[in-house]
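# Survey of secondary and tertiary structure
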Amino acid sequence: MVEAKPQIHDHLTVTPTGAALGAEISGVNLSSELSDSEFEQIEAAFHQHSVIFFRNQNLSPDRHVKFTKKFGEIEISPITQYALPSHPEVLLVTNVEENGKPIGLADAGRFWHSDISYIETPPRCSILHAKEVPFENGKSLGETHFVSTAAAFDDLDDGIKQKAIGLKAIHSFRHKKRAADTKRDAITRRDQQKERPNVLHPVIRTHPVTGRKCIYVASDGECIGIEGLPDAEALTLIDYLANHCIQEKFKYRHQWQVGDVLMWDNCSVQHKTIKDFDLPLRRLMHRTTVNGTRPV
Ligand code: OGA
Ligand code: MN
């Protein structure tokens, strides 16, 4: 007798946003076990579109962690006081306060950046799951904006490409600009600074999977210089490249809905949050991060 094999029905659909990056994936419930084929399609879409998102998900922290681990080892944030007590892998990104104190990171991502670029091996990707989203007059507030640093590289003049390739930028935690209204615990920041020397990363890095070249510098204190260049020349080049990246033509603006699971590639994407709301409007995200490789 021939044993009946389980039929795998994939109904997964990938719909590009129409912007320079980003695609919505529908037809999959991330709370259930993914088939190998589903995961392969999701990972391929991630590499092709750099930002992918799934609507109407309801992931428990366990499931969020499980999905995250399919992409690699989880990075546990040193900001432990803002992690879920039951799940140190899940960081709260939120403006919500209890007893006048923030319960999560309230100032994440106010300036254009790629996550945690100031360490030797910055994360491969970050995954946000929207639990609460501020709404006003029928419009969701607190968008996140993303730009394709791969499309931005392709669009550079040849002369600038040649000049930038081979250079290494100095990434600094210490000089990172903070939002003026930040309430982050000053002690934590000081302790973190002590442990974080500056690191060098290529100004133009090559994506470890797609091989695309990506601009990997940002302004606002993320990158404070370039190895071997006088400061003024270095900062001019950093600002030029950073401003080049954030043009509208390379941008996707994500309007959040409760239940969204969205992930971005920290090599081919820079992102920034729009803080256009305040309490009593609440925004609450569960965030996980996957370890990456040293940029080359
Ligand atoms: C982050 C981040 C932006 C946002 O979590 O790394 O930059 O819109 N968040 O919450
Ligand atoms: Mn970020």
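Preceding block: the structure.
Below or above, wherever it landed, is the structure these notes cover. (Residues numbered from 1 in each chain as written. Chains lettered and ligands numbered in written order. Predicted model: local features only at pLDDT ≥ 70, side-chain atom pairs only at ≥ 80, totals over all residues. Heavy atoms only, no water.)

## Description of the overall build of the chain
Scanning the chain from N- to C-terminus turns up 6 helices and 20 strands. Here the chain holds 296 residues, and 51% of them are scored as buried. Partitioning the contacts of the chain with sequence separation of at least 6, the portion at a separation of at least 24 is 80%. When the accessible area of the chain is evaluated, it comes to approximately 14,100 Å², of which 50% is carbon and sulfur surface. (Helix = DSSP H or I, 4+ residues; strand = E, 2+ residues; numbered from the N terminus. Buried < 20%, exposed > 50% of the residue type's maximum accessible area, 1.4 Å probe, protein only. Contact = heavy atoms within 4.5 Å. Areas by Shrake-Rupley, 256 points an atom, 1.4 Å probe, with all protein chains shown as cover.)

## Side note on the nonpolar core
Ala169, Val203, Ile204, Ile215, Val217, Ile226 and Leu241 are the most contacted members of the largest nonpolar core, which totals 21 residues. A per-element tally of this core places helix H6 (residues 231-245) first, with 5 residues. Once you skip the residues sitting within four places of it in the chain, Leu241 turns out to touch Leu156, Ile160, Ala164, Val203, Ile215 and Val217. (Core = buried A, V, L, I, M, F, W, Y, C linked by side-chain atoms within 4.5 Å.)

## Structural notes on the environment of Thr94
Secondary-structure assignment places Thr94 in strand S5 (residues 87-94). When sequence neighbours within four positions are dropped, the list of residues in contact with Thr94 reads Ile103, Gly104, Leu105, Ala106, Arg283 and Leu284. A distance of 3.0 Å separates a polar side-chain atom of Thr94 from the backbone nitrogen of Val96. (Polar contact = N/O pair within 3.5 Å; in protein donor to acceptor, adjacent residues only side chain to side chain.)

## Comments concerning the coordination of the manganese ion (ligand 2)
Perfect tetrahedral coordination of a metal by four donors corresponds to 109.5 degrees between them, and perfect octahedral coordination by six donors corresponds to 90 or 180 degrees. Surrounding the manganese ion (ligand 2) are the protein donor atoms His113 (NE2), Asp115 (OD) and His271 (NE2), at 2.1 to 2.2 Å. Within one chain, the residues serving as donors to the manganese ion (ligand 2) are arranged as H-x1-D-x155-H. (Donors = N, O, S within 2.8 Å, 3.2 Å for Na, K, Ca; no water.)

## A word on the pairing of strand S11 (residues 144-148)
Among the 5 residues of S11, 5 are classified as buried, and the element is accordingly described as predominantly covered. Of the two faces of S11, both are covered, the one formed by Thr144, Phe146 and Ser148 as well as the one formed by His145 and Val147. Strand direction decides the pairing type here: S11 and strand S17 (residues 251-254), joined by 4 bridges, are antiparallel. Bridge pairing in S17 links His145 to Arg253. In this sheet, strand S19 (residues 269-273) lies alongside S11 in antiparallel orientation, the contact comprising 5 bridges. Residue pairing for S19: Phe146 is matched across the bridge by His271. (Pairing = 2+ DSSP bridges.)

## A look at helix H2 (residues 61-69)
Inspection of H2 places His64, Val65, Phe67 and Thr68 among the buried residues, and these make up the whole buried set. Along H2, the residues classed as buried sweep out an arc of 165° about the axis, all on the same side. Buried residues in H2 make contact with strand S3 (51-54), S5, strand S8 (125-132), strand S18 (261-265) and strand S20 (284-290). (Arc of directions from axis to C-beta.)

## Points about the site of ligand 1
Val93, Gly109, His113, Asp115, Leu128, Thr144, Trp264, His271, Thr273, Arg283 and Arg287 make up every residue found near ligand 1. His113 is positioned such that a nitrogen or oxygen atom in its side chain is 3.3 Å from an oxygen atom of ligand 1. Burial of ligand 1 by the surrounding chains reaches 97%, relative to a free accessible area of 290 Å². Of the residues in the shell around ligand 1, the class split is 3 nonpolar, 5 polar and 3 charged. (Near = heavy atom within 4 Å. Nonpolar A, V, L, I, M, F, W, Y, C, P; charged D, E, K, R; others polar.)

## Focus: empty space enclosed by the protein
Counted according to the given criterion, the structure contains 4 cavities of 30 Å³ or more. Roughly 100 Å³ of volume is contained in the largest cavity. Taken together, 13 residues line the largest cavity, and the ones lying closest to its centre are Ala106, Thr273, Lys275, Phe277 and Arg283. Of the residues in the lining of the largest cavity, the class split is 6 nonpolar, 3 polar and 4 charged. Within this model, the second largest cavity holds a volume of roughly 70 Å³. Looking at the second largest cavity, it is lined by 14 residues, and the ones nearest its centre are Ser114, Tyr216, Val217, Ala218 and Gln270. Split by residue class, the lining of the second largest cavity holds 7 nonpolar, 6 polar and 1 charged. (1 Å grid on protein atoms, 1.4 Å probe; cavity = no way out; pocket = protein on both sides within 12 Å on 5 of 7 lines; lining within 4 Å. Points joined across faces, edges and corners; volume = space filled by probe spheres on them.)

## Overview of the sheet that holds strand S13 (residues 199-202)
Spatially, the 3 strands line up as an open sheet ordered S13-S12-S16, and their pairing is antiparallel. The outermost strands of the open sheet, each flanked by one partner alone, are S13 and strand S16 (223-226). Averaged over all adjacent pairs, the angle separating strand axes in this sheet is 35°, with direction ignored. Relative to S13, strand S12 (residues 168-171) runs antiparallel, the two being bridged by 4 bridges. Bridge pairing links Ile170 to Leu200 in S13. (Axes fitted to C-alpha atoms, helices over the stretch in contact; angles between N-to-C directions.)

## Digging into the side chain of Ser268
Relative to the elements of secondary structure, Ser268 occurs in the loop between S18 and S19. Of the residues examined, Ser268 reaches a relative accessible area of 4% and is grouped as buried. Looking at Ser268, its side chain comes within polar contact range of the side chain of Ser50, at 2.9 Å. Leave out the neighbours within four places in its chain, and Ser268 touches Ser50, Val147, Ser148, Thr149, Ala150, His207 and Cys214.

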